[in-house]
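Here's the letter readout for the chains.
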Amino acid sequence: MRNAIIILLAILTAPSLLLGAEWEEHGVTVVSTGPSVTEGAMRHALRDANGRSFAANYAAYPDKPSRERAVALKDLFFGWRHILPERLEFFFAADGTYANMQTTRIEWQGENLRPYLPAGLAFHDARGELYYRFRIVVKDTSYKLDGKYSDEETLLKEIYGFIRAVEEGKISETDLVRYRYEEPKKEAPKKELPLRLSAFVLGNYLTPTGDFAKIFSGGYGGMAGVTLHNVGISMHDKTLFRVDLSLAAGYWGLERKKDPDPEVTGEVRSSYVVPIIFTARYRIDVIGALFVAPSLGVGIGYHSLCYSKIVANNRRETCEVGEWAPSLSAGLMAGYSLFNDTLMLMGGADYIVLFERQMTCMMFAFYIGAGYVF
């Protein structure tokens, strides 16, 4: 038993140990792993042999050249003389590697430049070329500086020169326009739809089709059930779409056909179905409180059907069904919400296929009803 536990733990920890080993070949140790600010990615806290900490954020494990480049940039940044990194984060993307840096010191010509750079420094490495682009605040106005990085001294000269030029009015307002910093446009957060529970009742009118229509002309019944609204369907921690899930049960009585098929006699002793159906609906808002919702369903039902039909040699055979059998359905609902989505009026139709041994029973189930949302 003890050996089995050891083997299981080894299997579970093998992937993380492997990834850690691949970073360690660059002289870096994985300290911890946790959620990243980048959606779908993980943040890996790293430390090099000199005790310098930084982090790598990625969804897919970066290849060896990308890891090597990140480690080289880390050494470059920590090797600066006038800029002292405090927090260094790398973000691996398809178009290159991004580096964001908070600093404890940025000095040039004996002046502290850190107050002018409240968001720190940001870099983008693409195809082995390093570019900078970051926000700089001078005289309570945000600007952006961007360009190709060559060395620390040149970068500091650019920063210091721009600050002096703006403060001393050496750059015209026209020229300053191209430096104006615009906050990245953020998409309005999508309104999170809360889970809600409703109860509903429906009245049904049934129209048999196919061979089932040779025996029965129609039917009536009703159903009642509950619905869980706004259930999120997710993948990779991202909600793809939301559906309403319903569970309903009821009773359907079927009417004998007045003018039956010649092969079917008028002897129909019992004809009812007790359906239990689980349905998923995708709600589409049309206008105002009006909506439509296509649906798919699976279910099981108790079929009690007894009839007779003519078989070979003009012989009459009684077909009697009294069993539970599966069903599939597809349909479309139209609805209207009242009183701040508290009361819903609904109507629609489902095409239902009931699988029983004697015959596949196919029919349209039209319905109208109402639901109360809690």
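**Points about the overall build of the chain**
And step 1. Looking only at helices and strands, the chain features 4 helices and 18 strands.
And step 2. Per-residue burial for the chain yields a buried fraction of 37% across its 374 residues.
And step 3. Considering only intrachain contacts with a sequence separation of at least 6, the fraction spanning at least 24 residues in the chain is 54%.
And step 4. Put simply, the chain shows about 21900 Å² of open surface, and 57% of that area lies on carbon and sulfur atoms.

**Quick word on the nonpolar core**
And step 1. In terms of nonpolar packing, the biggest core is built from 41 residues, with Phe-77, Phe-90, Phe-123, Ile-136, Ile-159 and Phe-162 touching the most fellow members.
And step 2. For this core, the secondary structure elements donating two or more residues are β3 (53-58), α2 (64-78), β4 (83-93), β5 (96-108), β7 (121-126), β8 (129-138), β9 (141-148) and α3 (152-167).
And step 3. What Phe-90 contacts, discounting residues up to four positions off in sequence, is Phe-54, Ala-55, Ala-56, Asn-57, Ala-70, Leu-73, Lys-74, Phe-77, Thr-97, Tyr-98 and Ala-99.
And step 4. Grouped together as the second largest cluster of nonpolar side chains are 25 residues, Phe-200, Ala-248, Leu-354 and Tyr-367 included.

**Notes on the pairing of strand β1 (residues 28-35)**
And step 1. Where β1 meets strand β2 (residues 42-48), 7 bridges bridge the pair, whose relative direction is antiparallel. Bridge assignment links Thr-33 to a residue of β2, and that residue is His-44.
And step 2. Hairpin connection, β1 to β2: the antiparallel pair is bridged by 6 residues, and Gly-40 has positive phi, about 80 degrees.

**What to know about the packing of aromatic side chains**
To describe a pair of aromatic rings, one takes the distance between the centres and the angle between the planes.
And step 1. Per the stated rule, a full pass over the model turns up 17 aromatic pairs.
And step 2. Judged by centre distance (5.9 Å) and plane angle (75 degrees), the rings of Tyr-58 and Phe-92 are edge-to-face. Taken as a pair, Tyr-58 in strand β3 and Phe-92 in strand β4 lie far apart in primary sequence, 34 residues in all. The same class applies to Tyr-58 as to Phe-92, namely buried.
And step 3. With 5.6 Å between their ring centres and 25 degrees between their planes, Tyr-251 and Tyr-272 make a pair best called stacked. Remark: Tyr-272 occurs in strand β13 (residues 264-281) and Tyr-251 occurs in strand β12 (residues 238-256); sequence separation between them is 21 residues.

**Topic: α2**
And step 1. A rise of 1.5 Å per residue sets the reference length of α2, with its 15 residues, at 21 Å; its end C-alpha atoms lie 21 Å apart and thus fit the reference within 8%.
And step 2. Among the residues making up α2, those that are buried are Arg-67, Ala-70, Val-71, Leu-73, Lys-74, Phe-77 and Phe-78. End-on view of α2: buried residues confined to an arc of 160 degrees, all on one side of the axis.

**Quick notes on the environment of Val-166**
And step 1. Here Val-166 shows up in helix α3.
And step 2. In this structure, the C-alpha to C-alpha distance between Val-166 and Val-138, residues 28 residues apart in sequence, is 7.1 Å.
And step 3. Excluding anything up to four places from it in sequence, Val-166 contacts Val-138, Lys-139, Tyr-143, Ile-171 and Leu-176.

**Points about α3**
And step 1. Here α3 is 16 residues long and its end C-alpha atoms lie 23 Å apart, about the 22 Å a rise of 1.5 Å per residue gives.
And step 2. By the burial criterion, the buried members of α3 are Glu-152, Leu-155, Leu-156, Ile-159, Phe-162, Ile-163, Arg-164, Ala-165 and Val-166.
And step 3. Looking at where α3 begins, the residue whose side-chain oxygen comes 3.2 Å from the main-chain nitrogen of Glu-153 is Asp-151.
And step 4. Following α3 by one or two positions, Gly-169 adopts a phi angle in the positive range, close to 70 degrees.

**Some remarks on unusual backbone geometry**
And step 1. If you check the backbone angles, Arg-127 has positive phi at about 55 degrees while not being a glycine.
And step 2. Mapped onto the elements, Arg-127 comes out in the loop between β7 and β8.
And step 3. Overall, Arg-127 belongs to the exposed group, its relative accessible area being 82%.

**Some points on the pattern of salt bridges**
And step 1. One pass over the structure, following the stated rule, counts 17 salt bridges.
And step 2. A salt bridge links Glu-25 to Arg-67, with the shortest nitrogen-to-oxygen separation between them at 3.1 Å. Taken together, the residues span a long stretch of sequence, with Glu-25 in the loop between α1 (2-24) and β1 and Arg-67 in helix α2 at a distance of 42 residues.
And step 3. For Glu-25, a relative accessible area of 45% puts it in the partly exposed group.
And step 4. For Arg-43, the salt bridge identified is with Glu-89, shortest N-O distance 2.8 Å. With Arg-43 in strand β2 and Glu-89 in strand β4, this residue pair connects regions lying 46 residues apart in the sequence.

**Details of the side chain of His-229**
And step 1. If you trace the backbone, His-229 turns up in strand β11 (residues 216-235).
And step 2. Engagement of the side chain of His-229 in a polar contact is seen with the side chain of Ser-198, the distance being 2.7 Å.
And step 3. The contacts of His-229, once residues within four sequence positions are left out, are Pro-194, Leu-195, Arg-196, Leu-197, Ser-198, Val-243, Asp-244, Met-344 and Val-373.

**Quick look at the side chain of Lys-144**
And step 1. Residue position: Lys-144 is located in strand β9.
And step 2. In this structure Lys-144 is buried but unpaired, with Asp-146 as the nearest side chain of opposite charge at 5.2 Å.
And step 3. At 2.8 Å, the side chain of Lys-144 forms a polar contact with the backbone oxygen of Arg-178.

**Quick notes on the environment of Tyr-351**
And step 1. Relative to the assigned elements, Tyr-351 resides in strand β17 (residues 343-355).
And step 2. In sequence terms Tyr-351 and Ser-329 are 22 residues apart; their C-alpha atoms lie 5.5 Å from each other.
And step 3. In contact with Tyr-351, other than residues within four places in its own chain, are Thr-209, Leu-328, Ser-329, Ala-330, Met-362, Met-363 and Phe-364.

What counts and how
Residues numbered from 1 in each chain as written. Predicted model: local features only at pLDDT ≥ 70, side-chain atom pairs only at ≥ 80, totals over all residues. Heavy atoms only, no water. Helix = DSSP H or I, 4+ residues; strand = E, 2+ residues; numbered from the N terminus. Buried < 20%, exposed > 50% of the residue type's maximum accessible area, 1.4 Å probe, protein only. Contact = heavy atoms within 4.5 Å. Areas by Shrake-Rupley, 256 points an atom, 1.4 Å probe, with all protein chains shown as cover. Core = buried A, V, L, I, M, F, W, Y, C linked by side-chain atoms within 4.5 Å. Pairing = 2+ DSSP bridges. Phe/Tyr/Trp six-rings, centres within 6.5 Å; stacked < 30°, edge-to-face > 60°. Expected span 1.5 Å × (residues − 1). Arc of directions from axis to C-beta. Polar contact = N/O pair within 3.5 Å; in protein donor to acceptor, adjacent residues only side chain to side chain. Salt bridge = Lys/Arg side-chain N within 4 Å of Asp/Glu carboxyl O. Lys, Arg positive; Asp, Glu negative; His and termini not counted.

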